[in-house]
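These are the residues of each chain, in order.
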Amino acid sequence: MRGEGEDPCVEAVGEPGEPHNPDSRPGLDQSDEDFKPRIVPYYRDPNKPYKKVLRTRYIQTELGSRERLLVAVLTSRATLSTLAVAVNRTVAHHFPRLLYFTGQRGARTPAGMQVVSHGDERPAWLMSETLRHLHTHFGADYDWFFIMQDDTYVQAPRLAALAGHLSINQDLYLGRAEEFIGAGEQARYCHGGFGYLLSRSLLLRLRPHLDGCRGDILSARPDEWLGRCLIDSLGIGCVSQHQGQQYRSFELAKNRDPEKEGSSAFLSAFAVHPVSEGTLMYRLHKRFSALELERAYSEIEQLQAQIQNLTVLTPEGEAGLSWPIGLPAPFTPHSRFEVLGWDYFTEQHTFSCADGSPKCPLQGASRADVGDAVETALEQLNRRYQPRLRFQKQRLLNGYRRFDPARGMEYTLDLLLEAVTQRGHRRALARRVSLLRPLSRVEILPMPYVTEATRVQLVLPLLVAEAAAALAFLEAFTAGVLEPREHALLTLLLVYGPREGGRGAPDPFLGVKAAAAELERRYPGTRLAWLAVRAEAPSQVRLMDVVSKKHPVDTLFFLTTVWTRPGPEVLNRCRMNAISGWQAFFPVHFQEFNPALAPQRSPPGPPGAGPDPPSPPGADPARGAPVGGRFDRQASAEGCFYNADYLAARARLAGELAGQEEEEALEGLEVMDVFLRFSGLHLFRAVEPGLVQKFSLRDCSPRLSEELYHRCRLSNLEGLGGRAQLAVALFEQEQANST
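What counts as what
- Residues numbered from 1 in each chain as written.
- Predicted model: local features only at pLDDT ≥ 70, side-chain atom pairs only at ≥ 80, totals over all residues.
- Heavy atoms only, no water.
- Helix = DSSP H or I, 4+ residues; strand = E, 2+ residues; numbered from the N terminus.
- Buried < 20%, exposed > 50% of the residue type's maximum accessible area, 1.4 Å probe, protein only.
- Contact = heavy atoms within 4.5 Å.
- Areas by Shrake-Rupley, 256 points an atom, 1.4 Å probe, with all protein chains shown as cover.
- UniProt positions renumbered as here; feature names shortened; annotations may be inferred.
- Salt bridge = Lys/Arg side-chain N within 4 Å of Asp/Glu carboxyl O.
- Pairing = 2+ DSSP bridges.
- Axes fitted to C-alpha atoms, helices over the stretch in contact; angles between N-to-C directions.
- Parallel < 35°, antiparallel > 145°, perpendicular 65-115°, else oblique.
- Left-handed = near helix turned anticlockwise from the far one by under 90°.
- Polar contact = N/O pair within 3.5 Å; in protein donor to acceptor, adjacent residues only side chain to side chain.
- Phe/Tyr/Trp six-rings, centres within 6.5 Å; stacked < 30°, edge-to-face > 60°.
- Lys NZ or Arg CZ within 6 Å of the ring centre and 35° of its normal.
- Expected span 1.5 Å × (residues − 1).

A. Local environment of the overall build of the chain. Along the chain, the regular secondary structure elements total 20 helices and 27 strands. For the chain, the residues scored as buried account for 39% of the 739 residues in total. Counting only contacts in the chain whose residues sit at least 6 apart along the sequence, the fraction spanning at least 24 positions is 70%. Summed over all atoms, the accessible surface of the chain reaches about 43200 Å², with 53% contributed by carbon and sulfur.

B. Inspection of the UniProt feature "coiled-coil region" (unreviewed entry) in the chain at higher detail. Here, the residues flagged by UniProt with the feature "coiled-coil region" (unreviewed entry) are residues 286-313. The span residues 286-313 is 93% helix and 0% strand, and its two end C-alpha atoms sit 42 Å from each other.

C. Quick look at the pattern of salt bridges. Tallied over the full model, the rule gives 39 salt bridges. Here Arg401 and Asp369 are joined by a salt bridge, their closest N and O atoms 2.8 Å apart. One end of the pair, Arg401, is in strand E17 (residues 389-404); the other, Asp369, is in helix H11 (residues 364-385), and 32 residues separate them in sequence. On the basis of relative accessible area, Arg401 is assigned to the buried category, the value being 12%. Residue class for Asp369 comes out buried when judged on its relative accessible area of 17%. When the shortest N-O distance is used, the salt bridge between Glu670 and Arg711 registers 3.8 Å. With Glu670 in the loop between helix H17 (660-667) and helix H18 (671-678) and Arg711 in helix H19 (residues 706-718), this residue pair connects regions lying 41 residues apart in the sequence. In this structure, a network of salt bridges that share partners links the residues Glu129, Arg132, Asp211 and Arg214.

D. Here's a closer look at unusual backbone geometry. Cis rather than trans, the peptide bond between His273 and Pro274 has omega equal to 0 degrees. One can find Pro274 in the loop between strand E13 (271-273) and helix H10 (278-311). With an omega of -10 degrees, the peptide bond running from Trp323 to Pro324 counts as cis. Its place among the elements puts Pro324 in the loop between H10 and strand E14 (343-345).

E. Region of interest: the sheet that holds E13. The mixed open sheet is built from 3 strands, whose spatial order is E5-E13-E12. Only two strands of the sheet have a single partner each, and these edge strands are strand E5 (153-154) and strand E12 (249-251). Inspection of the sheet shows E12 paired to E13 by 3 bridges, in the parallel sense. Opposite Ser249, over in E13, you have Ala271 as the bridge partner.

F. Representation of the packing of helix H14 (residues 540-548) against helix H16 (residues 643-656) within the structure. Packing of H14 against H16 brings their axes to within 11 Å, and their N-to-C directions diverge by 125 degrees. The angle between H14 and H16 falls in the class oblique. For the pair H14 and H16, the crossing hand works out as left-handed. In contact with Val541, Met544, Asp545 and Ser548 of H14, H16 contributes Asn643, Tyr646, Leu647 and Arg650.

G. How the structure looks around the side chain of Asp545. Take Asp545: it is sitting in helix H14. Reaching out from Asp545, the side chain makes a polar contact with the side chain of Tyr646 at a distance of 2.6 Å. Apart from the residues lying within four places of it in its own chain, the contact partners of Asp545 are Tyr646 and Arg650.

H. Here's a closer look at the packing of aromatic side chains. The full count for this structure, using the stated rule, is 21 aromatic pairs. On the basis of an interplanar angle of 50 degrees and a centroid distance of 6.3 Å, the ring pair of Tyr646 and Phe675 is categorised as tilted. In this pair, Tyr646 sits in helix H16 while Phe675 sits in helix H18, placing the two residues 29 residues apart along the sequence. Grouping residues by exposure puts Tyr646 and Phe675 together as buried. Pairwise contacts between aromatic rings join Phe557, Phe586, Phe641, Tyr646 and Phe675 into one cluster. Positioned over the ring face of Phe194 is Arg176, at 4.2 Å from the centre of the ring. Arg401 extends its terminal NZ or CZ atom over the ring of Phe345, reaching a point 5.6 Å from the ring centre.

I. Representation of the sheet that holds strand E9 (residues 196-199) within the structure. Strands sit in the order E3-E2-E1-E4-E9-E6 across an open sheet of 6 strands; the sheet is mixed. Since the sheet does not close on itself, it has two edges, and those belong to strand E3 (114-117) and strand E6 (173-175), each with one partner. Averaged over all pairs of adjacent strands, the angle between their axes in this sheet comes to 25 degrees, without regard to strand direction. Pairing analysis gives 3 bridges linking E6 to E9, with the strands arranged antiparallel. In the strand pairing of E9, Gly175 is matched with Tyr196. Across the sheet, helix H4 (residues 123-138) is in contact with strand E1 (67-74), strand E2 (97-102), E3, strand E4 (142-149) and E9; its angle to E2 comes to roughly 145 degrees.

J. The arrangement of H10 in detail. Spanning 34 residues, H10 covers 49 Å between terminal C-alpha atoms, matching the ideal 50 Å at 1.5 Å per step. Every buried residue of H10 is listed here: Gly278, Leu280, Met281, Leu284, Arg287, Phe288, Leu291, Glu292 and Thr311. As for H10, its buried residues are in contact with helix H3 (83-91), E5, helix H5 (156-165), helix H9 (264-267) and E13.

K. Region of interest: H3. Counting buried positions along H3 yields 8 of 9 residues, so the element is predominantly enclosed. Every buried residue of H3 is listed here: Leu83, Ala84, Val85, Ala86, Val87, Asn88, Thr90 and Val91. Residues of H3 that are buried sit in contact with E1, E2, E4, E5, H5 and H10.

Laid out in structure tokens, this is it:
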């Protein structure tokens, strides 16, 4: 392990004849104790009342961990919408945080950029306020601060790697060192055009001196002002090398083409300056990205050669070498139930359809995926055999693909090619090629913070025909919500017909109201609210409008049906997947088949009789529950969303559709369609194994739109039973008719 000094061995043992003092080593100081673990004993004063300890939102905060690098870009009124945007598009995705500082007051912020306006464009004042802002808002969260101008191109991966190799516990001012005019060699500042690194510890020491430097030092350049401030107040100058790490930069000549630049200084640079326009920034990014790809491919080839050479020393020998070299071997099934099937396709059709059809058109993302695989295969063949042969695709004969969870997407293609020799001879060839699209690095998508403590407001619209089934819903609500003391409320929306529930007529919801009152009596503190509306043809959107007006905008709604069976897991997934201002969640419930067609689960067979058929989510073998069912993708009546998001979508619907057009649209829309068509939120649709519904035929109103009516009818038909069960039922019916 390398030490901080010139000779780590001498540092470790000391000079002969000298006493050994571990604290006298130049590379270590007392602050190294920050890296040693300490046990903090817990003590509570018995004389003080107990106070609940509030944990931090993230464990990173509790452990005191910090992000590695923050990048600050100094921009101006003239270049904020041009060069600053180019910087953001080329490097923003490489850094945890990228901030833009300008002296323009009330600057218009481009999309996707975080701009801080100081209101004064004087160079020294802008630099001083930028450092003050970094210290105040981010001084406790980041180890390194990189300050650059918007006319600088930064090779982001190299800069991040540089920050990762430097010790965070030192006062460091690293960049391209320049001499002050008329000053000594030790008085150097870092040129702002090429960017510079400031350590967190240095920023903390510099903060008390900013006001004094701003009044005492006069300079027309912010980088010179910062350099003089550091030298005068702390005696620290700019360095270009530290701990064996060299900060390399390149000064780009005017009208120089980046594609033709091949010097070692350019190829190894961290920063390139000056960049006069945005198009030049993009050309530099293209050039350096190509260099990084070439380097990555070269390293891959070297690693593959090393793996191939070492394979002969393994017990399996060359037989244990999998293709492609360096990637995991294909998944090995342990039984016939684990065999990964291949999907067959042509250029026009696929023979593995989501709806179970034997053949369906190849379109959308699947078509683009197949086209990319064919183009890649043709490109690799030409690269391997040129200039002797040149291949041209005539057509795809057969195609097979499967997803291997250990490797990625595998392809086997039978291509009909036309081979052209150097002399112009042509010949048709049929060749089989194998390709693999490997799984790339897993990335965590940034999502807003949510909590499981949010109260859920369940909404149950009830038609008169569903009043009898509502009692079973209330029993399930009691067992799944009230008894576990879930943080949830229920609102019953009682929908009367034009001639129902009038004066002198019996109330069809009398039993429902009595059951709700009984639950309120059994569970003190529980309130089951109900609202009564009268509608001839109730629309889900109109009913939701009535409920939405009765609740605050921050209410989390869980829109249910009379067949929904809510539980703690379902409510938690509702809380986690519905994000205010970001995402609405519409789960896909599991629908059991018709018990008249689906067979009942039989008792377990004797040993050796083979595995039992799998049970659906929520099936109870002890009660003889049906084994058949499916996730009903056609149904979308259940959903989780915030009231504010729903109101915003309704306002947009009312703005785009007015008058009679809006009335007609509301008759044929569901709440999910409102979010899908009139909201900018993410619409999350996923199977929910906790929502298991008994078999029921939905009432498909003819007032629905053509698409919704078709989905309703398709849901009823698909819910009757599986293909095998329907075939058996038809066979038995034909047998009965024939006799």
